[in-house]
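Next come the chains, spelled out residue by residue.
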Amino acid sequence: ESVKKPGTINMAFHQVFDAGASDFTSDVNSTKALNVVAPTWFRFTDDEGSIKSIANSNYVANAHNAGVKVWAVWTDVDNDVNLKTIFHSAEKRKLVIDTMIAKTSEYGIDGINLDLEKIPSDAGDDWAEFIKELSPDKVNAKWEEYLSSL
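To start, this report covers the structure provided alongside it. Worth saying up front: this structure is predicted, and the values here are computed from it rather than measured. (Residues numbered from 1 in each chain as written. Predicted model: local features only at pLDDT ≥ 70, side-chain atom pairs only at ≥ 80, totals over all residues. Heavy atoms only, no water.)

What to know about the overall build of the protein chain
Inference 1: The number of helices and strands found in the protein chain is 6 helices and 6 strands.
Inference 2: For the protein chain, the α and β elements follow one another from N to C terminus as β-α-β-β-α-β-α-α-β-α-α-β.
Inference 3: Carbon and sulfur atoms make up 47% of the accessible area of the protein chain, which totals about 7,900 Å². (Helix = DSSP H or I, 4+ residues; strand = E, 2+ residues; numbered from the N terminus. Areas by Shrake-Rupley, 256 points an atom, 1.4 Å probe, with all protein chains shown as cover.)

Section: the packing of aromatic side chains
Inference 1: This model, assessed by the stated rule, comprises 5 aromatic pairs.
Inference 2: Seen in terms of ring centroids, phenylalanine 87 and phenylalanine 130 are 4.5 Å apart; in terms of plane orientation they differ by 35 degrees. Their pairing is tilted. Pair noted here: phenylalanine 87 is in helix 3 (residues 83-88) and phenylalanine 130 is in helix 5 (residues 124-134), with a separation of 43 residues, a long-range link. Just as phenylalanine 87 is buried, phenylalanine 130 falls in that class too.
Inference 3: Among the aromatic residues, those joined into a cluster by ring pairs are Phe87, Trp127 and Phe130. (Phe/Tyr/Trp six-rings, centres within 6.5 Å; stacked < 30°, edge-to-face > 60°. Buried < 20%, exposed > 50% of the residue type's maximum accessible area, 1.4 Å probe, protein only.)

Focus on helix 4 (residues 90-107)
Inference 1: If you check helix 4, its first and last C-alpha atoms are 26 Å apart, about what 18 residues at 1.5 Å a residue would give, namely 26 Å.
Inference 2: The first or second residue beyond helix 4 is glycine 108, which carries a positive phi of 70 degrees. (Expected span 1.5 Å × (residues − 1).)

Quick notes on the pattern of salt bridges
Inference 1: One pass over the structure, following the stated rule, counts 5 salt bridges.
Inference 2: The partner of aspartate 122 in a salt bridge is lysine 84, and the shortest N-O contact between them spans 4.0 Å. In this pair, aspartate 122 sits in the loop between strand 5 (111-115) and helix 5 while lysine 84 sits in helix 3, placing the two residues 38 residues apart along the sequence.
Inference 3: Taking relative accessible area as the criterion, aspartate 122 reaches 52% and is therefore assigned exposed.
Inference 4: With its nearest N and O atoms 2.6 Å apart, the salt bridge here joins aspartate 98 to lysine 94. Of this pair, aspartate 98 and lysine 94 both sit in helix 4, separated by 4 residues, roughly a single helical turn. (Salt bridge = Lys/Arg side-chain N within 4 Å of Asp/Glu carboxyl O.)

Observations regarding the packing of helix 4 against helix 5
Relative orientation and spacing of two packed helices are given, respectively, by the angle between their axes and the distance between those axes.
Inference 1: At their nearest, the axes of helix 4 and helix 5 sit 10 Å apart, and the two run at 40 degrees to each other. In this structure, helix 4 crosses over helix 5, and the sense of that crossing is right-handed. The segment helix 4 lies against helix 5, with Arg93, Val96, Ile97 and Met100 engaging Asp126, Glu129, Phe130, Glu133 and Leu134.
Inference 2: Along the lines of polarity and charge, the residues of the contact of helix 4 with helix 5 split into 5 nonpolar, no polar and 4 charged. (Axes fitted to C-alpha atoms, helices over the stretch in contact; angles between N-to-C directions. Left-handed = near helix turned anticlockwise from the far one by under 90°. Contact = heavy atoms within 4.5 Å. Nonpolar A, V, L, I, M, F, W, Y, C, P; charged D, E, K, R; others polar.)

Here's what the structure looks like:
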(Lines give C-alpha, C1' and ligand atoms only; values in the text may rest on other atoms or scores of the structure.)
Protein backbone atom coordinates (compact mmCIF):
# COMPACT_ATOMS: atom_id res chain seq x y z
CA GLU A 1 0.00 0.00 0.00
CA SER A 2 1.32 3.42 -0.94
CA VAL A 3 1.58 6.14 1.69
CA LYS A 4 1.57 9.78 0.63
CA LYS A 5 2.48 12.91 2.53
CA PRO A 6 0.12 15.83 1.91
CA GLY A 7 1.64 18.92 0.34
CA THR A 8 4.94 19.43 -1.38
CA ILE A 9 8.26 18.22 -0.07
CA ASN A 10 11.09 20.66 -0.79
CA MET A 11 14.07 18.75 0.51
CA ALA A 12 17.77 19.51 0.45
CA PHE A 13 20.55 17.10 1.27
CA HIS A 14 23.16 18.54 3.62
CA GLN A 15 26.48 16.75 3.21
CA VAL A 16 28.05 16.64 6.67
CA PHE A 17 31.37 14.99 7.51
CA ASP A 18 32.04 16.31 11.02
CA ALA A 19 29.69 16.87 13.96
CA GLY A 20 31.28 20.24 14.70
CA ALA A 21 30.71 21.41 11.14
CA SER A 22 27.02 20.57 11.24
CA ASP A 23 25.24 23.92 11.48
CA PHE A 24 21.72 24.40 10.14
CA THR A 25 21.59 28.14 10.81
CA SER A 26 24.60 29.17 8.75
CA ASP A 27 24.57 26.39 6.15
CA VAL A 28 20.92 25.84 5.26
CA ASN A 29 18.54 28.27 6.97
CA SER A 30 18.53 30.89 4.18
CA THR A 31 17.17 28.45 1.58
CA LYS A 32 13.67 29.69 0.77
CA ALA A 33 10.75 27.23 0.53
CA LEU A 34 12.78 24.45 2.15
CA ASN A 35 10.60 22.32 4.43
CA VAL A 36 12.80 19.21 4.85
CA VAL A 37 16.55 18.92 5.27
CA ALA A 38 18.44 15.62 5.10
CA PRO A 39 21.83 15.83 6.84
CA THR A 40 24.21 12.90 6.25
CA TRP A 41 24.66 11.95 9.90
CA PHE A 42 24.61 8.17 10.16
CA ARG A 43 27.06 5.81 8.46
CA PHE A 44 27.26 2.04 8.46
CA THR A 45 30.74 1.16 9.70
CA ASP A 46 30.99 -2.65 9.54
CA ASP A 47 29.25 -5.87 8.50
CA GLU A 48 27.70 -6.23 11.97
CA GLY A 49 25.35 -3.26 11.50
CA SER A 50 27.27 -0.79 13.64
CA ILE A 51 26.52 2.87 12.95
CA LYS A 52 28.68 5.98 13.39
CA SER A 53 26.68 9.05 14.36
CA ILE A 54 27.61 12.70 13.93
CA ALA A 55 24.08 13.92 14.72
CA ASN A 56 23.65 17.31 16.34
CA SER A 57 20.66 18.21 18.56
CA ASN A 58 21.26 21.97 18.13
CA TYR A 59 20.98 21.51 14.37
CA VAL A 60 17.59 19.80 14.83
CA ALA A 61 16.39 22.54 17.20
CA ASN A 62 17.45 25.29 14.77
CA ALA A 63 15.78 23.50 11.85
CA HIS A 64 12.56 23.08 13.82
CA ASN A 65 12.65 26.75 14.85
CA ALA A 66 12.79 27.60 11.13
CA GLY A 67 9.82 25.32 10.41
CA VAL A 68 11.98 22.70 8.69
CA LYS A 69 11.77 18.97 9.38
CA VAL A 70 14.90 16.84 9.67
CA TRP A 71 15.06 13.51 7.83
CA ALA A 72 18.49 12.21 8.80
CA VAL A 73 20.41 10.24 6.17
CA TRP A 74 21.65 6.71 6.88
CA THR A 75 24.28 5.79 4.32
CA ASP A 76 26.87 3.24 3.28
CA VAL A 77 28.80 5.44 0.84
CA ASP A 78 31.83 6.17 3.03
CA ASN A 79 32.65 2.65 4.14
CA ASP A 80 33.10 -0.76 2.57
CA VAL A 81 30.33 -2.71 4.27
CA ASN A 82 28.55 -5.86 3.14
CA LEU A 83 24.87 -4.93 3.31
CA LYS A 84 23.84 -8.44 2.26
CA THR A 85 25.46 -9.75 5.45
CA ILE A 86 23.60 -7.16 7.53
CA PHE A 87 20.19 -7.50 5.89
CA HIS A 88 20.31 -11.31 5.72
CA SER A 89 20.55 -11.57 9.52
CA ALA A 90 17.38 -10.94 11.54
CA GLU A 91 19.59 -10.06 14.54
CA LYS A 92 21.61 -7.48 12.58
CA ARG A 93 18.48 -5.97 11.00
CA LYS A 94 17.03 -5.60 14.50
CA LEU A 95 20.23 -3.93 15.71
CA VAL A 96 20.08 -1.40 12.87
CA ILE A 97 16.37 -0.70 13.41
CA ASP A 98 16.81 -0.37 17.19
CA THR A 99 19.68 2.06 16.57
CA MET A 100 17.50 4.08 14.18
CA ILE A 101 14.69 4.26 16.72
CA ALA A 102 17.06 5.27 19.53
CA LYS A 103 18.87 7.97 17.52
CA THR A 104 15.66 9.34 16.05
CA SER A 105 14.23 9.71 19.54
CA GLU A 106 17.45 11.00 21.11
CA TYR A 107 17.85 13.85 18.61
CA GLY A 108 14.19 14.62 17.86
CA ILE A 109 14.59 13.65 14.21
CA ASP A 110 11.37 13.74 12.18
CA GLY A 111 12.12 11.08 9.60
CA ILE A 112 14.78 8.89 8.07
CA ASN A 113 16.31 8.85 4.62
CA LEU A 114 18.01 5.64 3.54
CA ASP A 115 20.78 6.36 1.04
CA LEU A 116 22.20 2.87 0.59
CA GLU A 117 24.10 2.57 -2.66
CA LYS A 118 25.89 -0.76 -2.21
CA ILE A 119 23.02 -3.21 -1.89
CA PRO A 120 23.98 -6.21 -4.04
CA SER A 121 21.39 -7.47 -6.50
CA ASP A 122 21.19 -10.83 -4.72
CA ALA A 123 20.16 -9.10 -1.47
CA GLY A 124 16.78 -7.92 -2.77
CA ASP A 125 14.65 -10.21 -0.62
CA ASP A 126 16.63 -9.35 2.52
CA TRP A 127 16.38 -5.62 1.70
CA ALA A 128 12.62 -5.94 1.26
CA GLU A 129 12.35 -7.70 4.62
CA PHE A 130 14.36 -4.90 6.27
CA ILE A 131 12.03 -2.26 4.80
CA LYS A 132 8.97 -4.18 6.04
CA GLU A 133 10.47 -4.47 9.53
CA LEU A 134 11.40 -0.79 9.49
CA SER A 135 7.91 0.50 8.74
CA PRO A 136 6.60 2.77 11.51
CA ASP A 137 3.59 0.56 12.25
CA LYS A 138 5.89 -2.44 12.83
CA VAL A 139 8.45 -0.74 15.08
CA ASN A 140 6.09 1.65 16.86
CA ALA A 141 8.47 4.49 15.98
CA LYS A 142 7.58 8.15 16.08
CA TRP A 143 8.64 8.81 12.52
CA GLU A 144 5.89 8.98 9.98
CA GLU A 145 8.19 9.89 7.17
CA TYR A 146 10.91 7.94 5.54
CA LEU A 147 12.42 7.81 2.13
CA SER A 148 14.61 5.23 0.49
CA SER A 149 17.02 6.29 -2.22
CA LEU A 150 19.10 3.62 -3.91
